[in-house]
Amino acid sequence: MFQARRFKHCPTCGHAVEYRVPADDNRERAMCASCGGIHYENPINVVGTLPVWGDGADGQVLLCKRAIEPRYGLWTLPAGFLEIGETAAQGAQRETDEEAGAQIELHDLYCLLNVVKVGQIHLFYRATLLSPEFNPGPETLEARLFHEHEVPWDEIAFRTVRETLKRFFEDRRLGRAYALHTADIA
């Protein structure tokens, strides 16, 4: 089982933490012997969109070429970490604006992918692009539309993005309704 170890020092007082099971718990937590603080490590939420321009088989997906690590220079869907104070949908919309400068109409949640080994949950919403004009932010080298046969599959930055794109194109080819997909990424 994956066990995150993000804390070395107490965020409250700075003292070194020890990992042990608190009396009223069933798993190890970062515990501070100095101030008594218990610190929980929970999964990080990554939120983004699958923006599409056009309908049917002629529809294109928007991908962004990363200008930051990890995976500098590889392609991804516009996505990033959910911020405190926003819903998953708001975060997905914000990330699409920040990374691609794209204006979208947000639709339903499309993919929920558990990436247990790195303690993350990735949530991708379907979105309709309102314009094919983009103004990428500093985290993006280029934002571009791709037909399915043009997608640079060998240059996709993350497995969650590849899975989301594969499921979308398969749903579209088979004429299936866009229902929620869930999966665990090893």
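Draft legend 1. Representation of the overall build of the protein chain in the model. Counting secondary structure elements, the protein chain contains two helices and 11 strands. Ordered by position from N to C terminus, the α and β elements of the protein chain give β-β-β-β-β-β-β-α-β-β-β-α-β. A principal-axis box enclosing the C-alpha atoms of the protein chain has dimensions of 60 × 35 × 30 Å. For the protein chain, the proportion of its 186 residues judged to be buried stands at 41%. Taking the contacts inside the protein chain whose residues are at least 6 apart along the sequence as the reference set, 59% of them involve residues at least 24 apart. As presented, the protein chain carries roughly 10200 Å² of accessible surface, and 50% of it is formed by carbon and sulfur atoms. Computing the positive centroid from 20 side-chain charges and the negative centroid from 27, the protein chain places the two 7 Å apart.

Draft legend 2. Just the environment of asparagine 42, in detail. Relative to the helices and strands, asparagine 42 is located in the loop between strand E3 (38–39) and strand E4 (44–53). Here the alpha-carbon distance between asparagine 42 and aspartate 24, two residues 18 residues apart in the chain, equals 18 Å.

Draft legend 3. A look at the pattern of salt bridges. In this structure the tally under the stated criterion is nine salt bridges. The residue arginine 94 makes a salt bridge to glutamate 86 at a minimum N-O spacing of 2.7 Å. An identical accessibility class is assigned to arginine 94 and glutamate 86; each is buried. Measuring nitrogen to oxygen at the nearest pair gives 2.9 Å for the salt bridge that ties glutamate 95 to arginine 94. Of the two residues, glutamate 95 and arginine 94, neither departs from the other in class, the shared state being buried. A single salt-bridge network, built from bridges that share partners, covers Glu86, Arg94, Glu95 and Glu98.

Draft legend 4. Just the sheet that holds strand E1 (residues 17–20), in detail. If you trace the three strands from one edge of the open sheet to the other, you get E1-E2-E3, paired in antiparallel fashion. Looking at strand neighbours, the two that pair on one side only are E1 and E3, the edges of this open sheet. In the sheet, strand E2 (residues 29–32) pairs with E3 via two bridges, with the strands oriented antiparallel. Bridge pairing in E3 places methionine 31 opposite isoleucine 38.

Draft legend 5. View of the environment of alanine 16. By the secondary structure assignment, alanine 16 is in the segment before E1. On the accessibility criterion, alanine 16 (40% relative accessible area) is partly exposed. Alanine 16 sits 17 residues away from alanine 33 along the chain, and the two C-alpha atoms are 8.0 Å apart. With residues near it in sequence (within four places) discarded, alanine 16 still touches Lys8 and His9.

Draft legend 6. Up close: the packing of aromatic side chains. According to the stated counting rule, one finds six aromatic pairs in the structure shown. Note on phenylalanine 168 and tyrosine 178: the rings are 5.4 Å apart at their centroids and 15° apart in plane angle, and the pair reads as stacked. Linking phenylalanine 168 in helix H2 (residues 159–174) with tyrosine 178 in the loop between H2 and strand E11 (181–184), this pair joins segments that are 10 residues apart in sequence. Counting every residue linked through ring pairs, the aromatic cluster contains Tyr110, Trp153, Phe168, Phe169 and Tyr178.

Draft legend 7. Geometry of the side chain of aspartate 171. As for its placement among the helices and strands, aspartate 171 is situated in helix H2. Residue aspartate 171 is classed as buried on the basis of its relative accessible area of 1%. For aspartate 171, the side chain forms a polar contact with the side chain of tyrosine 110, separated by 2.6 Å. Look past the residues within four positions of aspartate 171 in its chain and what remains in contact with it is Tyr110, Arg176, Ala177, Tyr178 and His181.

Each value, and the rule that gives it
Residues numbered from 1 in each chain as written. Predicted model: local features only at pLDDT ≥ 70, side-chain atom pairs only at ≥ 80, totals over all residues. Heavy atoms only, no water. Helix = DSSP H or I, 4+ residues; strand = E, 2+ residues; numbered from the N terminus. Buried < 20%, exposed > 50% of the residue type's maximum accessible area, 1.4 Å probe, protein only. Contact = heavy atoms within 4.5 Å. Areas by Shrake-Rupley, 256 points an atom, 1.4 Å probe, with all protein chains shown as cover. Lys, Arg positive; Asp, Glu negative; His and termini not counted. Charge placed at Lys NZ, Arg CZ, Asp CG, Glu CD. Salt bridge = Lys/Arg side-chain N within 4 Å of Asp/Glu carboxyl O. Pairing = 2+ DSSP bridges. Phe/Tyr/Trp six-rings, centres within 6.5 Å; stacked < 30°, edge-to-face > 60°. Polar contact = N/O pair within 3.5 Å; in protein donor to acceptor, adjacent residues only side chain to side chain.

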